[in-house]
Amino acid sequence: MKHDDVVIAGAGMHPWGKWGRHFSTYGVAAARTALADAGIEWTDVDFIVGGETVRNGYPGYVAGATFAQALGWSGARVATSYAACASGAQAIDVARARIMAGLSEVALVVGADTTPKGFLAPVAGDRWDDPDWLRFRLLGATNPTYFGLYARRRIDLYGATTDDFAHVKVKNARHGLHNPNARYRKEVTTDDVAASPVVADPLRLLDICATSDGGAAVVLCSADYARRLDDARPVRVRGVSTVTPTYPNTVIEMPNFATDSSAVVTPSDTAFRDAIAAAAYAEAGLGPDDVDVAEVYDLSTALELDWYENLQLCGVGEAEKFLRDGHSTIGGRTPVNPSGGLACFGEAVPAQALAQVCELTWQLRGEAGDRQVEGARVGITANQGLFGHGSSVILST
Amino acid sequence: MSQTASRTPIPAVDGWFELEPEPALIGARCVECSTVVFPPPSESTPCPNPRCASDRFESHRLATTGTIWSYTDAQYQPPPPYIPTTDPYEPFALAAVDLADDGLIVLGQVAEGFGVDDLAVGMQVTLVIETLYSDDQHDHLMWRWRPEGDQS
Ligand SMILES: [Zn+2]
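Described below are features of the structure shown in this document. (Residues numbered from 1 in each chain as written. Chains lettered and ligands numbered in written order. Predicted model: local features only at pLDDT ≥ 70, side-chain atom pairs only at ≥ 80, totals over all residues. Heavy atoms only, no water.)

Quick look at the coordination of the zinc ion
Residues and elements named next belong to chain B.
Logical step 1: Listed as protein donors to the zinc ion are C30 (SG), C33 (SG), C47 (SG) and C52 (SG); their distances from the metal cover 2.3 Å.
Logical step 2: Around the zinc ion, the four donor atoms sit at angles spanning 102 to 114 degrees, and that spread fits a shape best called tetrahedral.
Logical step 3: In the primary structure, the donors to the zinc ion are separated according to the pattern C-x2-C-x13-C-x4-C. Note that C33 is positioned in the loop between β3 (24-30) and β4 (36-37) and C52 in the loop between β4 and β5 (57-61), a separation of 19 residues in sequence. (Donors = N, O, S within 2.8 Å, 3.2 Å for Na, K, Ca; no water. Tetrahedral: all angles 85-135°; square planar, octahedral: opposite > 155°, others 65-115°. Helix = DSSP H or I, 4+ residues; strand = E, 2+ residues; numbered from the N terminus.)

Okay, structure coming up:
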């Protein structure tokens, strides 16, 4: 039987940090928490999707099946999703599509990672045909290089200041103070940010997110199934965006040396990050004015400001004013990153798009405790996966 | 960076730039739709224009001057495969440069002796070739962006 409505019946996380354990440990813990939250047994799940990471030969140790084996082989259908930072959203998209098509009723989506110390870097070996390897060898261009370029553009185009960037960190640190799953739970001042060393001008260490271990999981099911569960707080999945860019992509992005050329083909009016949100809004039949809360991808403080505009929470060039006026703070017009964001969590690549969805689920149920956005009924996540993976999920009550 | 007569200069990557008759990036242009691509595609790579099915390109020299789209620097030593050239590490700047006629933006390190304080968005820069790193036999050459003098 086909289903129009897919709901999030359960959400769970393993606290993020630098724990040094196998990634499946975090995934299983997050999965068990999400299953308990849904009131569903693992053996009732008919489809499991794992968000994949790439490491050590087997990609993510073939994540979907790794989690399935760790939970105990149950005969469930399985899939694994690789979309870099967008892996979790793509995994949700697959699970949701199977449920809508009537091929599954209850799906478990899990992402988890164990991250090495320091800069994210290519694995060893000479790979002259790999742009991700070449950018380090030929340019010394780390991920913060690209964040620095975007931040400098905001300063030049819109009059952003490094103080604005610091205020994003201050806001997110305060939001995440009481989040039990966050790694960093400590107030940060603009002076703290200013006192931290420059990594990639104009960005300082406290402007850039850390790498973390962590896990997140959600249970998806049809609305009919949720009614049978007697779920009194159903959160509906309204839209999932997994769009690729439209040629020519004229913003330079990791790991590229150059943009596409606009000399022959006129660029779309909607740049890639704008298109990610636009597709989610279109699928949900909702718009930015409907959004009560957003979880966006603050790889750098300055990048969070870009997302305000990409999600159309404010006009282009107005993100600094939106921030300064307190609109993105809890209590403001559209609170952004009430979880604390990557500023408080750090990156655990296959888990982070799912962690955003977990946070919105708790926000929309009114279960977010000290970081609750009052009256939140519609939430949007936004994220971008390396190599052209869009990621945005819209949930509503 | 010391240079000795015994080392031969060679490009740090094959076929992406040339030194003669003057330094220039070498891209490719689709023979069907004229779309420009940089870095040059490897053999049998299709044209990136989704409405073009060609996989035939001709060599195309990119403009050697452009304007800074944005810039930053690397205050921490990048991890391998980056090869540090000094000990202790000395930061370097990078710029993304808009090559208007070719309709694309190309990232590169900024020429030796220039840092972020010397740069501004919109500033004109020129392509130069400098030594990226050296080993016993070779100076490995790479393109860099040099701010033009007399900026107003
Ligand atoms: Zn073509």
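Now that the structure has been shown, the text picks up again.
Some details on the packing of aromatic side chains
Logical step 1: Applying the stated rule across the entire model yields 12 aromatic pairs over all chains.
Logical step 2: Look at F23(A) and F67(A): their rings are 5.7 Å apart centre to centre, the planes differ by 80 degrees, and that puts the pair in the edge-to-face class. Residue F23(A) is found in helix α1 (residues 23-38), and its partner F67(A) is found in helix α2 (residues 63-71); the two are separated by 44 residues along the sequence.
Logical step 3: Its relative accessible area of 4% is what places F23(A) among the buried residues.
Logical step 4: The structure contains a cluster of three or more aromatic residues connected by ring pairs, namely F257(A), W16(B), F17(B), F38(B) and W143(B).
Logical step 5: We note R273(A) situated over the ring of Y150(A); from NZ or CZ to the ring centre the distance is 5.1 Å.
Logical step 6: In this arrangement the basic side chain of R273(A) is found over the ring face of W307(A), its NZ or CZ atom lying 5.9 Å from the centre. (Phe/Tyr/Trp six-rings, centres within 6.5 Å; stacked < 30°, edge-to-face > 60°. Buried < 20%, exposed > 50% of the residue type's maximum accessible area, 1.4 Å probe, protein only. Lys NZ or Arg CZ within 6 Å of the ring centre and 35° of its normal.)

A word on the interface of chain A and chain B
Logical step 1: The partner chain B presents 45 residues to the 40 residues of chain A that form the contact.
Logical step 2: Ranking the residues of chain A by area buried against chain B places L138(A), L139(A) and Y247(A) at the top, with a combined share of 17%.
Logical step 3: Summed over the shared surface of chain A and chain B, the result is zero salt bridges.
Logical step 4: Remark: the boundary between chain A and chain B carries 12 residue pairs in polar contact (both at pLDDT 80 or more).
Logical step 5: Secondary structure elements with two or more residues in the side of chain A that touches chain B: α4 (131-139), α5 (143-158) and β5 (198-200) of chain A. (Contact = heavy atoms within 4.5 Å. Buried area = accessible area lost by both parts, 1.4 Å probe. Salt bridge = Lys/Arg side-chain N within 4 Å of Asp/Glu carboxyl O. Polar contact = N/O pair within 3.5 Å; in protein donor to acceptor, adjacent residues only side chain to side chain.)

Overview of the nonpolar core
Logical step 1: Among the nonpolar cores identified, the biggest contains 93 residues, and V106(B), W143(B) and W145(B) are the most heavily contacted of them.
Logical step 2: A total of seven residues in this core trace back to one element, the largest contributor, which is strand β7 (residues 92-99) of chain B.
Logical step 3: Once residues lying within four places of it in the same chain are set aside, the contact partners of W143(B) are F257(A), W16(B), F17(B), L25(B), F38(B), V106(B), L107(B), G108(B), L127(B), V128(B) and I129(B).
Logical step 4: A11(A), A95(A), V240(A) and L360(A) belong to the second largest nonpolar core, which has 38 residues in total. (Core = buried A, V, L, I, M, F, W, Y, C linked by side-chain atoms within 4.5 Å.)

What about the pattern of salt bridges?
Residues and elements named next belong to chain A.
Logical step 1: Considering all chains together, one arrives at 27 salt bridges over all chains under this definition.
Logical step 2: With its nearest N and O atoms 2.7 Å apart, the salt bridge here joins D132 to R135. Residue D132 and its partner R135 are located together in helix α4, separated by three residues, close to a single helical turn. In this pair, the class of D132 matches that of R135, namely buried.

With respect to the sheet that holds strand β7 (residues 213-222) of chain A
Residues and elements named next belong to chain A.
Logical step 1: Taken in spatial order, the nine strands make up an open sheet running β3-β2-β4-β7-β1-β8-β11-β10-β9, and their pairing is mixed. A strand with exactly one partner marks an edge of an open sheet, and here the two such strands are β3 (77-81) and β9 (293-295). Within this sheet the neighbouring strands show an average axis-to-axis angle of 25 degrees, counted without direction.
Logical step 2: Two strands pair when backbone bridges link them, and β9 and strand β10 (residues 378-385) are joined in this way by three bridges, in the parallel orientation. Its bridge partner lying in β10, V293 is registered against G379. (Pairing = 2+ DSSP bridges. Axes fitted to C-alpha atoms, helices over the stretch in contact; angles between N-to-C directions.)

A closer look at α5(A)
Residues and elements named next belong to chain A.
Logical step 1: Between its terminal C-alpha atoms α5 stretches 23 Å, which fits the 22 Å expected from 16 residues at 1.5 Å a residue.
Logical step 2: Of all 16 residues that make up α5, 12 are buried, and the element is covered over most of its length.
Logical step 3: Among the residues of α5, those classed as buried are N143, P144, T145, Y146, F147, G148, L149, Y150, A151, R152, R153 and R154.
Logical step 4: A positive phi of about 75 degrees marks G159, the residue just after α5. (Expected span 1.5 Å × (residues − 1).)

Some thoughts on the state of the cysteines
Chemically, a disulfide is nothing more than a covalent bond linking the sulfur atoms of two cysteines.
Logical step 1: In total, this model carries zero disulfides over all chains according to the counting rule given.
Logical step 2: Of all cysteine sulfurs in the structure, the one in C221(A) sits closest to C358(A), which takes part in no disulfide; the separation is 15 Å. (Disulfide = S-S within 2.5 Å.)

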